[in-house]
Amino acid sequence: MASRSSLLKVILLGDGGVGKSSLMNRYVTNKFDTQLFHTIGVEFLNKDLEVDGQLVTLQIWDTAGQERFRSLRTPFYRGSDCCLLTFSVDDNQSFLNLGNWKKEFIYYADVKQPDSFPFVVLGNKVDVTERQVSAEEAQQWCRENGNFPYFETSAKDATNVSNAFEEAVRRVLASEDRVEHLVPTDAVNLHRKPRNTSTCC
Ligand SMILES: Nc1nc2c(ncn2[C@@H]2O[C@H](COP(=O)(O)OP(=O)(O)OP(=O)(O)O)[C@@H](O)[C@H]2O)c(=O)[nH]1
């Protein structure tokens, strides 16, 4: 019998420069670039993994955080299985904006039951010495806004990056409302992009 893998769409949202592209690249390619390249619109990469015995193809969507690209990113929110709300621990404003990102996602993804949607919060750049947001503040925000899991990550030194994406997968698999998108792993799908391919608009 064909083994089957679930296709999960996970989307990274947060202010420009917090490290969304870097987190995706660290997780999928295990590389890090110190240069800043603002994303224009969206890009995605795929990664196959196994979580708790379940095969999963994770489709990670990296979005442009800058306000001027809003209309280019929002059409891609629909169909997301999990949303990673990302801020940078050395940028208090990016933390204060988390609530706006959550609202924007719920509106444009047309989430019918926001209270049960799987969000995960990432406080990135924990390798820096000058923090503006403490772990306690971030944990409190997560408790007050839906009991979201919180991960302190560093795309630079890879701290917690895999853990955060794996927790996103666990949250999705545990969520009862998820629509199953099963992909037979031993079949050829002519409509499917090759693994680890990105696209941009
Ligand atoms: N010290 C440190 N720098 C990081 C980390 N993650 C990303 N950066 C740097 O932060 C800058 C912005 O990173 P990006 O990944 O481009 O940020 P982004 O959120 O994708 O930005 P937009 O595409 O504009 O939305 C780059 O110079 C990265 O090298 C990290 O964990 N630690």
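What counts, and at which threshold
- Residues numbered from 1 in each chain as written.
- Predicted model: local features only at pLDDT ≥ 70, side-chain atom pairs only at ≥ 80, totals over all residues.
- Heavy atoms only, no water.
- UniProt positions renumbered as here; feature names shortened; annotations may be inferred.
- Buried < 20%, exposed > 50% of the residue type's maximum accessible area, 1.4 Å probe, protein only.
- Helix = DSSP H or I, 4+ residues; strand = E, 2+ residues; numbered from the N terminus.
- Pairing = 2+ DSSP bridges.
- Right-handed = clockwise from strand over helix to strand, strands pointing away.
- 1 Å grid on protein atoms, 1.4 Å probe; cavity = no way out; pocket = protein on both sides within 12 Å on 5 of 7 lines; lining within 4 Å.
- Points joined across faces, edges and corners; volume = space filled by probe spheres on them.
- Nonpolar A, V, L, I, M, F, W, Y, C, P; charged D, E, K, R; others polar.
- Near = heavy atom within 4 Å.
- Polar contact = N/O pair within 3.5 Å; in protein donor to acceptor, adjacent residues only side chain to side chain.
- Areas by Shrake-Rupley, 256 points an atom, 1.4 Å probe, with all protein chains shown as cover.

- Looking up the protein chain in an unreviewed UniProt entry gives the name small monomeric GTPase, with the organism given as Chanos chanos.
- For the protein chain, the Catalytic activity (unreviewed entry) comment in UniProt is given as "GTP + H2O = GDP + phosphate + H(+)".

**Description of the pairing of strand β5 (residues 119–124)**
- Burial runs high along β5: 6 of the 6 residues are buried.
- Burial along β5 is two-sided: F119, V121 and G123 facing one way and V120, L122 and N124 facing the other are all buried.
- Pairing analysis gives 6 bridges linking strand β4 (residues 82–88) to β5, with the strands arranged parallel. Looking at β5, one finds that L84 is bridged to V120.
- The parallel pair β5 and strand β6 (residues 150–152), bridged by helix α5 (residues 135–144), forms a crossover whose chirality is right-handed.

**A few points about the layout of surface pockets**
- Each pocket or cavity is described by its volume, and for the largest pocket that value is around 670 Å³.
- Lining the largest pocket are 30 residues, and of these S21, S22, D33, Q35 and L36 sit closest to its centre.
- Taken together, the elements giving at least two residues each to the lining of the largest pocket come down to α1 (20–29) and β3 (54–63).
- Per-element tally for the lining of the largest pocket: the top contributor is α1, with 5 residues.
- Per-class residue counts for the lining of the largest pocket are 7 nonpolar, 15 polar and 8 charged.

**Focus: the site of the ligand**
- The environment of the ligand is made up of 26 residues, and the closest members are K20, S22, D33, H38 and D127.
- A distance of 2.7 Å is found between a nitrogen atom of the ligand and a side-chain nitrogen or oxygen belonging to D127.
- Expressed as a share of its isolated accessible area of 650 Å², the protein-covered part of the ligand is 92%.
- By residue class, the composition of the shell around the ligand is 7 nonpolar, 13 polar and 6 charged.

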